[in-house]
Amino acid sequence: SQDDQKAEIQEFKLEADQELRFEVESKTEKVYLSLKAGLAEVFGTEIVKGKLYEFTAGAKIAVFTWHGCTLEIRGKTDVIYVAKETPMVVYSNCHAALEYMRHEAEKDNNKGPTTMIVGPCDVGKSTVCRILLNYAVREGRRPIYVDLDVGQGNISIPGTIGALLIERPASIDEGFAQEAPLVYNFGHKAPEKNSALLSILTTQLASNIKDKLEVNKKARTSGVIINTCGWVKGEGYKQILNNTKVFEVDVILVLDQERLYNELVRDIPNFVKVVFLQKSGGVVERSKSVRSEARDQRIREYFYGTVKNSLYPHSFDMKWSELKIYRIGAPALPDSCLPLGMKAKDHMTKLVLLTPNSGLLHHLMAVSFCEEEEEDILKTHVAGFVCVTNIDSERQTLTLLSPQPKPLPNTILVLSDLQFMDSH
Ligand code: ATP
């Protein structure tokens, strides 16, 4: 009722360098934020005074002010408080240092800084990337955002790695605009599922970006910001070292973990700057179920859009004979059973042609850009994803949910481990 609504309007007066943190948990509630006076930003994006911003279940937000502000919140939040201690000054100093490097790069038409953010799970890596990208673009830069976190997938859907040219600040409620992202399909939500494949894709992405930077001067001097996943031990640590090499990283920002920082200082050549950063006290830990829900949400948005921007996907049948469906990685055999000279690891990057079967139901499949050689499928980026919503073995057809109408841009599809239950 109206009375309830009124009761849930709250006003907050923030002093300089403070932030208002809140979370929305309930699936039925919406929370609205507006700026009444002063200046404020959400993860580096400025808020427009008087505009109403809507947040739904799962939102974990910080509204920071450099100079003080008054904020109004409507609706039921689960947690809400003003924090006096934030690492924003440190993050802003990082930005200033990167900006100095971009300035220097501009003088000689060189490459601007490539910065990689590393750290364990739930330390705010994605958020720091977003802040640094927003600050850069607000200075008129056009940085490239690389996301290597296959678990969440800020670009495209989970199970992928990719890159995006950032041309404007992130939208406060919807993140960065996804225009023409460069996407590679890994097909698993956990990087350890196939690290041989992940290395190949990462190397491919890095070389693709290198080519892009050569022809785009603005992006070249602006540099690259790389988000990584929270896998920092063992093979995960090796991936960090490998990423540093293939992306020619100049700066590594280590969030929260001193052990990781010390290991990197020990193992990384001196010309790479390794910087330790405190995590924000506001970063919220996410349980397994919250993460898995966020993944589902991300995939749903891929097909159906958001409340603000609905999308209308298409559903159509395709004959089995019209498609070539591949899986990457053959079932693992012990080394002793393999042909001479072959390792179990090689199996992980083997291309296997599949006959459609009921096991494909609900699975996502990447639509490859690959046109010719079969071997190239592994290394080729993808146009997008479809979801198998029905299999008819009698008629030998598949029903696909697709962002685009028939025909598909390509009939070569690569199976992903990720599934989506289309409940529409
Ligand atoms: P992952 O383990 O998935 O790699 P991460 O280290 O990238 O996680 P983020 O995704 O950046 O962490 O942050 C985790 C959550 O905390 C996000 O929902 C984010 O919106 C929230 N968050 C980050 N900083 C703050 C803050 N200062 N106040 C409130 N919430 C925050």
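Everything below is about the structure printed above this text.
Everything numeric here is computed off the predicted structure, so don't read it as measured data.

Draft legend 1. Highlighting the overall build of the chain. Helix and strand content of the chain: nine helices and 23 strands. Its C-alpha radius of gyration of 23 Å places the chain within 12% of the 22 Å reference for a compact globule of 424 residues. In terms of overall dimensions, the chain has C-alpha extents of about 65 × 60 × 40 Å along its principal axes. Each of the 424 residues in the chain was classed as buried or not, and the buried ones make up 48%. Of the contacts made within the chain by residues no fewer than 6 positions apart, 71% connect residues no fewer than 24 positions apart. Accessible surface, the chain as shown: approximately 20,800 Å² in total, 49% of it carbon and sulfur.

Draft legend 2. Looking closely at the pattern of salt bridges. Evaluated as defined, the whole model comprises 24 salt bridges. The salt bridge involving Lys-238 is made with Glu-235; its shortest N-O contact spans 3.8 Å. Taken together, the residues span about one helical turn, with Lys-238 and Glu-235 both in helix α6 (residues 235-246) at a distance of three residues. On the basis of relative accessibility, which here comes to 33%, the residue Glu-235 falls in the partly exposed class.

Draft legend 3. Spatial organisation of the nonpolar core. One finds Val-63, Val-146, Leu-205 and Leu-264 to be the most contacted residues of the largest nonpolar core, which totals 100 residues. With residues up to four places along the chain from it excluded, the contact list for Leu-264 reads Val-118, Tyr-237, Ile-240, Leu-241, Ile-252, Val-254 and Val-274.

Draft legend 4. Quick peek at helix α3 (residues 125-138). Across its 14 residues, α3 extends 20 Å between first and last C-alpha, which sits within 8% of the 20 Å expected from 1.5 Å per residue. For α3, the buried fraction is high: eleven of the 14 residues fall into the buried class. Regarding α3, the residues found buried are Lys-125, Val-128, Cys-129, Arg-130, Ile-131, Leu-132, Leu-133, Asn-134, Tyr-135, Ala-136 and Val-137.

Draft legend 5. Quick peek at the packing of aromatic side chains. This model, assessed by the stated rule, comprises seven aromatic pairs. Consider the rings of Phe-64 and Trp-66, whose centres lie 4.7 Å apart with planes at 80°: the pair is edge-to-face. A relative accessible area of 2% places Phe-64 in the buried class. Of the residues examined, Trp-66 reaches a relative accessible area of 27% and is grouped as partly exposed. Between Tyr-145 and Phe-176 the ring centres are 6.0 Å apart and the planes differ by 55°, which places this aromatic pair in the tilted class. Of this pair, Tyr-145 sits in strand β11 (residues 144-147) while Phe-176 is found in the loop between β12 (160-165) and β13 (182-185), placing the two residues 31 residues apart along the sequence. Like Tyr-145, the residue Phe-176 is buried in the burial classification.

Draft legend 6. Looking closely at the packing of α6 against helix α7 (residues 258-267). Two elements in contact, α6 and α7, have axes whose closest approach is 12 Å; the angle formed by their N-to-C orientations is 50°. Compared by their axis directions, α6 and α7 come out oblique. Where α6 crosses over α7, the handedness of that crossing is right-handed. Taking contact as the criterion, the partners of Tyr-237, Ile-240 and Leu-241 in α6 are, on α7, Leu-260, Glu-263, Leu-264 and Asp-267. For the contact of α6 with α7, the per-class residue count stands at five nonpolar, no polar and two charged.

Draft legend 7. Structural context of the site of the ligand. Taken together, 21 residues surround the ligand, and among them Glu-19, Lys-60, Ser-126, Thr-127 and Arg-286 come closest. Within the contact set of the ligand, an oxygen atom lies 2.9 Å away from a backbone nitrogen or oxygen of Gly-124. Ser-280 places a side-chain nitrogen or oxygen 3.2 Å from a nitrogen atom of the ligand. With the chains in place, 92% of the 640 Å² that the ligand exposes on its own is no longer accessible. Residue assignment for the shell around the ligand shows that the elements contributing at least two residues are β2 (18-23), β7 (60-65) and α3. Residues that form the shell around the ligand fall into these classes: seven nonpolar, six polar and eight charged.

Draft legend 8. Molecular detail of the pairing of strand β22 (residues 397-402). Most of β22 is tucked away, with six of its six residues classed as buried. The side-chain alternation of β22 yields two buried faces, one formed by Thr-397, Thr-399 and Leu-401 and the other by Leu-398, Leu-400 and Ser-402. Pairing analysis gives five bridges linking strand β21 (residues 382-392) to β22, with the strands arranged antiparallel. Looking at the pairing, Ile-391 lines up with Leu-398 of β22. Between the antiparallel neighbours β21 and β22 lie four residues, among them Gln-396 with a positive phi of about 55°.

Draft legend 9. Here's a closer look at the sheet that holds strand β23 (residues 412-419). With mixed pairing, seven strands are arranged side by side in an open sheet as β17-β22-β21-β20-β23-β18-β19. Whereas interior strands pair on both sides, the edge strands pair on one side only; in this sheet they are β17 (314-319) and β19 (351-354). With strand direction ignored, the average angle separating the axes of adjacent strands in the sheet is 40°. As paired strands, strand β18 (residues 324-328) and β19 are joined by four bridges and run antiparallel to one another.

Parameters at a glance
Residues numbered from 1 in each chain as written. Predicted model: local features only at pLDDT ≥ 70, side-chain atom pairs only at ≥ 80, totals over all residues. Heavy atoms only, no water. Helix = DSSP H or I, 4+ residues; strand = E, 2+ residues; numbered from the N terminus. Rg over C-alpha atoms; globule rule 2.2 N^0.38 Å. Buried < 20%, exposed > 50% of the residue type's maximum accessible area, 1.4 Å probe, protein only. Contact = heavy atoms within 4.5 Å. Areas by Shrake-Rupley, 256 points an atom, 1.4 Å probe, with all protein chains shown as cover. Salt bridge = Lys/Arg side-chain N within 4 Å of Asp/Glu carboxyl O. Core = buried A, V, L, I, M, F, W, Y, C linked by side-chain atoms within 4.5 Å. Expected span 1.5 Å × (residues − 1). Phe/Tyr/Trp six-rings, centres within 6.5 Å; stacked < 30°, edge-to-face > 60°. Axes fitted to C-alpha atoms, helices over the stretch in contact; angles between N-to-C directions. Parallel < 35°, antiparallel > 145°, perpendicular 65-115°, else oblique. Left-handed = near helix turned anticlockwise from the far one by under 90°. Nonpolar A, V, L, I, M, F, W, Y, C, P; charged D, E, K, R; others polar. Near = heavy atom within 4 Å. Polar contact = N/O pair within 3.5 Å; in protein donor to acceptor, adjacent residues only side chain to side chain. Pairing = 2+ DSSP bridges.

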